[in-house]
Amino acid sequence: MSFLGKEIRMNRLISKKDNRYFGLTVDHAMARGVLPGLGDIKNTLDKLIAGGPDSITMHKGIADTCFTSHAGKIPLILKCSTFSPYQPDADTVVADVEEAVRYGADAISIGCIVGGDTQSTQIAAVGKIAKDAASYGMPLVAHIYPRGNRINQSDRCSEKAVAYAVRVGAELGVDIVKTNYTGSIDSFAKVVEACPAKVVVAGGTLGNTPKDYFQLVHDALSAGAIGITFGRCVFQYQDPTSLIKSISALIHKNLSITEALQMLDDLEHHQ
């Protein structure tokens, strides 16, 4: 079986020049409600894509109604599962790999919450999607978080819990695992070491200023992650296009935090 299709898609997502990645997600509405910034999703997508991220993740209905004008500009990742405000510990499959192929997606993504009573069902779903993705040459991204009901709130960003979460993804054949940051470069480096798959940090949970976001990017890369995926902190920012351009330069052009902050300031004041 040829895996050329998968190699082509992975090369669109992750630059061969630096092996780094910067993704955005707008898949929050079913999981968390229609957050500020997601109401006028067409306008938000215009601003996000103008920034030039490496990919954007969304559900099929939003892709159908809002992504057509942006097709081919940046890679699309089709989200195939979601949790909800009413069942926060359980991701449910709502799409499949065949649909991702039909949408022209460069990857498919699935959520998985470990450490709770619904873990067995969710890892079975990841295993099934991994098999189908491999058959179609489709890269698989998994958003795996240790926040099930059997894990104390205080332990959900611990090195032990996060290392377990990413290793679950690697064991099931996931290509890119997105997960919680553990709070320090040293502890997250051990998480990366425990995961043969590529690791990406989920942004948006630490800090609430551009400096905080840039610091998180810097620390994640220093720990060995290939990059970061942002959602709320970008699409809710006052000027998401400029913020995206600055984060991208930090990741792909090795800007320092100070230089990225200066770039953001310049972009915001010279438009």
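Now for a look at the structure at hand.

Each value, and the rule that gives it
- Residues numbered from 1 in each chain as written.
- Predicted model: local features only at pLDDT ≥ 70, side-chain atom pairs only at ≥ 80, totals over all residues.
- Heavy atoms only, no water.
- Helix = DSSP H or I, 4+ residues; strand = E, 2+ residues; numbered from the N terminus.
- Buried < 20%, exposed > 50% of the residue type's maximum accessible area, 1.4 Å probe, protein only.
- Expected span 1.5 Å × (residues − 1).
- Contact = heavy atoms within 4.5 Å.
- Core = buried A, V, L, I, M, F, W, Y, C linked by side-chain atoms within 4.5 Å.
- Axes fitted to C-alpha atoms, helices over the stretch in contact; angles between N-to-C directions.
- Parallel < 35°, antiparallel > 145°, perpendicular 65-115°, else oblique.
- Left-handed = near helix turned anticlockwise from the far one by under 90°.
- Nonpolar A, V, L, I, M, F, W, Y, C, P; charged D, E, K, R; others polar.
- Pairing = 2+ DSSP bridges.
- Right-handed = clockwise from strand over helix to strand, strands pointing away.

**Regarding unusual backbone geometry**
Here is step 1 of the chain: Even without a glycine there, the phi angle at Asn 19 is positive, about 55°.
Here is step 2 of the chain: Topologically, Asn 19 is positioned in the loop between helix H1 (4-13) and strand S1 (21-25).
Here is step 3 of the chain: Note on Asn 19: relative accessible area 38%, which makes it partly exposed.
Here is step 4 of the chain: Its identity as a non-glycine residue notwithstanding, Asn 254 has a phi of 60°, on the positive side.
Here is step 5 of the chain: For Asn 254, the position within the fold is in the loop between helix H11 (240-252) and helix H12 (257-269).
Here is step 6 of the chain: You can call Asn 254 exposed: its relative accessible area is 54%.

**Regarding H11**
Here is step 1 of the chain: In this model, H11 (13 residues) spans 18 Å end to end at C-alpha, consistent with the 18 Å of a helix rising 1.5 Å per residue.
Here is step 2 of the chain: In terms of burial, H11 is largely enclosed, as 11 of its 13 residues are buried.
Here is step 3 of the chain: For H11, the set of buried residues is Pro 240, Thr 241, Ser 242, Leu 243, Ile 244, Ser 246, Ile 247, Ser 248, Ala 249, Leu 250 and Ile 251.
Here is step 4 of the chain: Residues of H11 that are buried in the fold lie against S1, helix H3 (41-50), helix H9 (210-222), strand S10 (227-230), helix H10 (232-235) and H12.

**Points about the nonpolar core**
Here is step 1 of the chain: In terms of nonpolar packing, the biggest core is built from 72 residues, with Val 26, Ile 56, Ile 108, Phe 188, Phe 230, Val 234 and Ile 247 touching the most fellow members.
Here is step 2 of the chain: In contact with Val 26, not counting residues within four places along its chain, are Leu 38, Ile 41, Leu 45, Leu 48, Ile 56, Thr 57, Met 58 and Phe 235.
Here is step 3 of the chain: Formed by 10 residues, the second largest nonpolar core is a distinct cluster that contains Met 10, Ile 14, Val 200 and Ile 226.

**Focus: the environment of Val 114**
Here is step 1 of the chain: With respect to the helices, strands and loops of the structure, Val 114 is situated in strand S6 (residues 107-114).
Here is step 2 of the chain: Overall, Val 114 belongs to the buried group, its relative accessible area being 0%.
Here is step 3 of the chain: As for Val 114 and Asn 149, which are separated by 35 residues in sequence, their C-alpha atoms are 9.0 Å apart.
Here is step 4 of the chain: Apart from residues lying up to four places away in sequence, Val 114 is in contact with Gln 119, Ile 144, Tyr 145, Pro 146, Arg 147, Gly 148, Ile 151, Tyr 164, Ala 165 and Val 168.

**A closer look at the packing of helix H7 (residues 159-171) against helix H8 (residues 185-193)**
Here is step 1 of the chain: Where H7 contacts H8, the two axes come as close as 8 Å, and the packing angle between them is 30°. It follows from the interaxial angle that H7 and H8 lie roughly parallel. The chirality of how H7 crosses H8 is right-handed. From H7, Glu 159, Val 162, Ala 163 and Val 166 reach across to H8, where they touch Ser 187, Phe 188, Lys 190 and Val 191.
Here is step 2 of the chain: Its residues assigned to classes, the contact of H7 with H8 comprises five nonpolar, one polar and two charged.

**A look at the pairing of strand S3 (residues 76-79)**
Here is step 1 of the chain: Of the two faces of S3, the one lined by Leu 76 and Leu 78 and the one lined by Ile 77 and Lys 79 are each fully buried.
Here is step 2 of the chain: As judged from the three bridges shared by strand S2 (residues 55-58) and S3, these two strands associate in the parallel manner. When the bridges of S3 are listed, Ile 56 appears paired with Leu 76.
Here is step 3 of the chain: Note on the crossover from S2 through helix H4 (residues 60-66) to S3: the handedness is right-handed.
Here is step 4 of the chain: Bridge count for S3 against S6 is three bridges, and the pairing is parallel. Residue pairing across strands places Leu 78 opposite Ile 108, the latter belonging to S6.

**Looking at the packing of H11 against H12**
Here is step 1 of the chain: Relative orientation of the contacting elements H11 and H12 amounts to 155°, with a least axis distance of 9 Å. The angle between the axes of H11 and H12 places the two elements in the roughly antiparallel class. Once H11 is placed against H12, the crossing between them reads as right-handed. In this structure, H11 uses Ser 242, Leu 243, Lys 245, Ser 246, Ala 249 and Leu 250 to contact H12, whose residues at the interface are Ile 257, Ala 260, Met 263, Leu 264, Leu 267 and Glu 268.
Here is step 2 of the chain: Considering only residue class, the contact of H11 with H12 consists of eight nonpolar, two polar and two charged.

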